[in-house]
Amino acid sequence: MSPETDPPFRRIAAELRRRITEGELAPGERVPSTRRIAEEWGVALATATKVLTTLSLEGLVESRPRVGTVVAPGAGTPPPAPDRGRPGSRGSNPAPLAGVEQDGPEGDQDLTRARIVRAAVEIADAEGLAALSMRGVAARLGVAAMSPYRYVGSKEELLLLMADAAFGETAYPAVPPEGWRAQLELSARTLWSLFRRHPWLAQLGSLTRPLLLPNLMIHAEWVLRALDGRGLDARTMLDVHVLLYGYVEGIAANLEREAQAEAATGLSEDEWMARQAPAFRAITSSPRYPVFSRLVQSVEGGYDLDLDTLFEFGLRSLLDGLTGLVEGRTEPRAPR
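Keep in mind that what you see is a predicted model, and the values were worked out from it rather than measured.

1. Some details on the packing of helix α7 (residues 180-197) against helix α9 (residues 234-265)
- The N-to-C vectors of α7 and α9 enclose an angle of 30 degrees; their axes lie 10 Å apart at closest approach. Classified by the interaxial angle, the pair formed by α7 and α9 is roughly parallel. By crossing handedness, the relation of α7 to α9 is classed as right-handed. Listed contacts from α9 to Leu 184, Ala 188, Leu 191, Trp 192, Phe 195 and Arg 196 of α7 are Val 240, Leu 244, Tyr 245, Val 248, Glu 249, Ile 251, Ala 252 and Leu 255.

Here is the structure:
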């Protein structure tokens, strides 16, 4: 094909390949996300996914969770041109390329539900839920757009499978640590690590409409076992479980929100804060907020919000507050 008749994803991949090989994009530097490619070139997200998949297979880019797709270390040398002139050579009959829909079953022969879920998780980890689509997953796997539907009925079903797989990545020890508090701490930190690894997880459910997933229930069962036999009524035990999970999920929801904000604005957290300096000075110099102004100005080096630090502080405070209740020094609330 000539460049004018190449599919859009090949033309876009060629342009990004040129930027990488000519040094416009250096190793470790972010390349345009699927959303940015779609906006800049006016193509669908599935096409944008094919672009990044093509460059990834060439070793030019790699995905880094919550960072996005970056130029791979050592990238910058153009890949060798395939030999298309010799009959029987690899160039004359290339292997199926991930991101290219296949006409026959060859591209689908190794497709499984597990591969579909794994590919979807990789997309969500790197680009967020907004970039996830069934067509995008098919493009990443190099199969026809409708092939994943043979294994997963809908995007909604895929999201549940992704969440169940993510919640099942970490197991609890066969012998729990001693004491209810240590067991609840382990549960909270385990969930936090999973939300950290997969920030999109915190966007899927709500406390009032929970995800009824086998692997998520393992975390609930661990907490309820830690509370069992301590004289708490059933409602109180369930409330403590929901409170603990809701706390972890609530803090974790900000991980994905920050990633979305950075993708939308192109500004890091520090860069965004720097741009807010005039508004911040106006607030701290106003007599309307004397306590806030005094506290912020008294913090050496300025107040820096760190979600991991905030999580640990909140977890200690929450468990301190539950101690009297769980250990029988505080009366449970009256039944509703």
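2. Considering helix α3 (residues 45-57)
- Compared with an ideal rise of 1.5 Å per residue, which puts 13 residues at 18 Å, α3 spans 18 Å between its outermost C-alpha atoms and is within 8% of the ideal.
- Burial runs high along α3: ten of the 13 residues are buried.
- When α3 is considered as a whole, its buried residues turn out to be Ala 46, Thr 47, Ala 48, Thr 49, Lys 50, Val 51, Leu 52, Thr 53, Thr 54 and Leu 55.
- In the core, the buried residues of α3 are packed alongside α1 (8-21), α2 (34-41), β1 (61-64), β2 (68-71), α4 (113-127) and α5 (134-141).

3. Some words on the side chain of Thr 190
- Along the chain, Thr 190 turns up in helix α7.
- Beyond its immediate stretch of four places on either side in the chain, Thr 190 contacts Thr 170, Tyr 172 and His 219.

4. Here we look at a nonpolar patch on the surface
- On the surface, a nonpolar cluster with roughly 490 Å² of combined accessible area is contributed by Val 299, Tyr 303, Leu 305, Leu 310 and Phe 313.
- Position of Leu 305 among the secondary structure elements: in the loop between α12 (290-298) and α13 (307-326).
- Here Leu 305 falls in the partly exposed class, since its relative accessible area comes to 44%.

5. Overview of the nonpolar core
- Ranked by internal contacts, the top residues of the largest apolar core, which has 59 residues, are Val 137, Leu 158, Met 162, Phe 167, Leu 184 and Phe 195.
- Sorting the residues of this core by element identifies α4, α5, α6 (155-167), α7, α8 (214-227), α9 and α13 as the ones contributing at least two each.
- Among the elements that take part in this core, α9 stands out by supplying ten residues, more than any other.
- Excluding anything up to four places from it in sequence, Val 137 contacts Ile 116, Ala 119, Ala 120, Ile 123, Leu 132 and Leu 158.
- Formed by 17 residues, the second largest nonpolar core is a distinct cluster that contains Val 43, Ala 48, Leu 60 and Ala 75.

Cut-offs used in this document
- Residues numbered from 1 in each chain as written.
- Predicted model: local features only at pLDDT ≥ 70, side-chain atom pairs only at ≥ 80, totals over all residues.
- Heavy atoms only, no water.
- Axes fitted to C-alpha atoms, helices over the stretch in contact; angles between N-to-C directions.
- Helix = DSSP H or I, 4+ residues; strand = E, 2+ residues; numbered from the N terminus.
- Parallel < 35°, antiparallel > 145°, perpendicular 65-115°, else oblique.
- Left-handed = near helix turned anticlockwise from the far one by under 90°.
- Contact = heavy atoms within 4.5 Å.
- Expected span 1.5 Å × (residues − 1).
- Buried < 20%, exposed > 50% of the residue type's maximum accessible area, 1.4 Å probe, protein only.
- Patch = residues over 30% accessible without salt bridge, like charges linked within 9 Å, V, L, I, M, F, W, Y side chains within 5 Å.
- Areas by Shrake-Rupley, 256 points an atom, 1.4 Å probe, with all protein chains shown as cover.
- Salt bridge = Lys/Arg side-chain N within 4 Å of Asp/Glu carboxyl O.
- Core = buried A, V, L, I, M, F, W, Y, C linked by side-chain atoms within 4.5 Å.

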